[in-house]
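Observations on the three-dimensional arrangement
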Amino acid sequence: MKVPSDYFKKVSSMSVDEVKQFMRENEPGEYNLIDVRQPEEYEIKHIPGAQLIPVGQIDDRANEVNPERPTIIY
Amino acid sequence: MNAWEGLVAEGPPESGMAYFEGTEKPEELIALAWILEDGSRKFYSSLLYLFDERAAKELFLNLADAEEHHKKSLVDLYRKVSGKKPGDAFPQDFISTEHSGDVMEGGMSVSEGIDWVKRNGLNAALELSVSLEANSYDLYIKMSRSMQDEHAQNVFKTLVTEEKQHLEKLAELLEKNL
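Conventions adopted
Residues numbered from 1 in each chain as written. Chains lettered and ligands numbered in written order. Predicted model: local features only at pLDDT ≥ 70, side-chain atom pairs only at ≥ 80, totals over all residues. Heavy atoms only, no water. Helix = DSSP H or I, 4+ residues; strand = E, 2+ residues; numbered from the N terminus. Buried < 20%, exposed > 50% of the residue type's maximum accessible area, 1.4 Å probe, protein only. Contact = heavy atoms within 4.5 Å. Axes fitted to C-alpha atoms, helices over the stretch in contact; angles between N-to-C directions. Parallel < 35°, antiparallel > 145°, perpendicular 65-115°, else oblique. Left-handed = near helix turned anticlockwise from the far one by under 90°. Nonpolar A, V, L, I, M, F, W, Y, C, P; charged D, E, K, R; others polar. Salt bridge = Lys/Arg side-chain N within 4 Å of Asp/Glu carboxyl O. Polar contact = N/O pair within 3.5 Å; in protein donor to acceptor, adjacent residues only side chain to side chain. Lys, Arg positive; Asp, Glu negative; His and termini not counted. Core = buried A, V, L, I, M, F, W, Y, C linked by side-chain atoms within 4.5 Å. 1 Å grid on protein atoms, 1.4 Å probe; cavity = no way out; pocket = protein on both sides within 12 Å on 5 of 7 lines; lining within 4 Å. Points joined across faces, edges and corners; volume = space filled by probe spheres on them. Buried area = accessible area lost by both parts, 1.4 Å probe.

**Overview of the overall build of chain B**
Scanning chain B from terminus to terminus reveals five helices and zero strands. Secondary structure of chain B in N-to-C order comes out as α-α-α-α-α. Evaluated residue by residue, chain B yields a buried proportion of 47% over its 178 residues. For chain B, long-range pairs separated by at least 24 residues make up 74% of all intrachain contacts whose partners lie at least 6 apart in sequence.

Dropping the structure here:
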């Protein structure tokens, strides 16, 4: 099996306060905010502006995410 | 998400757009936004007469004025996107009569919202307003994403920014009142 080249790429994590501060300091169009939970969970509550892409659909829908912008995933 | 403890929106990804039974033409989204803004304006205008606190009255008046301003921005946008002048049937042509005239940001009925506030007081009114504005902020980000036209995207981005400012003002007053 071939391992994707960015398989071992480090992904940084942010605390809740860091995310809140980031969202205060940036406009929604300047970053991607992706909710990878299930639709039922999203429906109950989600961070305003979050785009729902359930984790099982990421491969098929990765083209919906702008690679030029920072991406926050939860 | 459990650790978030911040503003949240509710509803499925298509929330607020459900009145159009799956159609998402720009003109229809603009009409929906206009209807929700008009409902919120009615809601905030009614709150003006329910409370005596000066700061709350001023904020609800400002919010009602802001919703009126948003309606005008949306009419201008409709004219540009559709190439037509909004007629007497705007925006009712785009929405089912069941919801027309009594729905506000967040999808709640205006009359239900006012009744709920009458029973629960000022802090509840502020909390409900925060919830409405958070859902509106969420909806406009989605609408901005769905628009192909750059001018339309910018109009919705402006609405997003203003809803964010409303949220900050509401949160500030809520904090003082608690």
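Here the narrative resumes, following the displayed structure.
**What to know about the packing of helix α1 (residues 26–47) of chain B against helix α2 (residues 54–82) of chain B**
Residue and element names in this part refer to chain B. Direction vectors running N to C along α1 and α2 enclose 165°, while the axes themselves pass 8 Å from each other. The angle between the axes of α1 and α2 places the two elements in the roughly antiparallel class. As α1 runs across α2, the sense of the crossing is left-handed. Across the contact of α1 with α2, the residue classes break down as 14 nonpolar, four polar and seven charged.

**Some points on the pattern of salt bridges**
One side chain can pair with another of opposite charge once the charged atoms of both are near each other. Within this structure, the stated rule accounts for ten salt bridges over all chains. One salt bridge in this structure joins A:Asp35 and A:Arg37, with 2.7 Å as the shortest N-O distance. The exposure class assigned to A:Asp35 is buried, which follows from its relative accessible area of 0%. A salt bridge links B:Lys42 to B:Asp38, with the shortest nitrogen-to-oxygen separation between them at 3.6 Å. Here B:Lys42 pairs with B:Asp38, and both are found in helix α1, just four residues apart, close to one helical turn. Among the charged side chains, a salt-bridge network with shared partners connects B:Asp38, B:Arg41, B:Lys42, B:Glu68 and B:Lys71.

**Let's talk about the side chain of B:His70**
Residues and elements named next belong to chain B. Secondary-structure assignment places histidine 70 in helix α2. According to the relative accessible area criterion, histidine 70 is buried, its value standing at 0%. Looking at histidine 70, its side chain comes within polar contact range of the side chain of glutamate 162, at 2.5 Å. Contacts of histidine 70, omitting those with residues within four sequence positions, involve Glu37, Leu159, Glu162, Glu163 and His166.

**Structural notes on the side chain of B:Glu133**
All names here are of chain B. Along the polypeptide, glutamate 133 turns up in helix α4 (residues 122–146). No salt bridge is formed by the buried glutamate 133. Its closest oppositely charged neighbour is lysine 169, at 10 Å. Polar contacts involving the side chain of glutamate 133 include one to the side chain of tyrosine 44, which spans 2.6 Å. The residues contacting glutamate 133, other than those within four sequence positions of it, are Tyr44, Leu63, Glu67, Glu105, Glu163, His166, Leu167 and Leu170.

**Here's the deal with the nonpolar core**
A:Leu33, B:Phe43, B:Tyr44, B:Leu47, B:Phe60, B:Met143 and B:Phe156 are the most contacted members of the largest nonpolar core, which has 61 residues in total. For this core, the secondary-structure elements that each account for two or more residues are α1 (16–25) of chain A together with α1, α2, α3 (110–120), α4 and α5 (150–177) of chain B.

**Re empty space enclosed by the protein**
Under the defined criterion, the tally for this structure stands at one cavity of 30 Å³ or more. As a volume, the largest cavity reaches approximately 50 Å³. In this structure, the largest cavity is lined by A:Met23, A:Pro28, A:Tyr31, A:Leu33, A:Pro48, A:Gly49, B:Ile141 and B:Arg145. Of the residues belonging to the lining of the largest cavity, the class tally is six nonpolar, one polar and one charged.

**Points about the interface of chain B and chain A**
Quite often, the size of an interface is put as the accessible area lost when its parts meet. The partner chain A presents 22 residues to the 21 residues of chain B that form the contact. On the chain B side of the contact with chain A, B:Met1, B:Trp4 and B:Lys164 bury the most area, a combined 35% of that side's loss. Counting the contacts that link chain B with chain A gives zero salt bridges. Linking chain B with chain A are eight residue pairs in polar contact (both at pLDDT 80 or more). Among the secondary structure elements, those contributing two or more residues to the side of chain B that touches chain A are α4 and α5 of chain B. Residue contributions to the side of chain B that touches chain A peak at six residues, all from α4(B). Considering only residue class, the side of chain B that touches chain A consists of twelve nonpolar, three polar and six charged.

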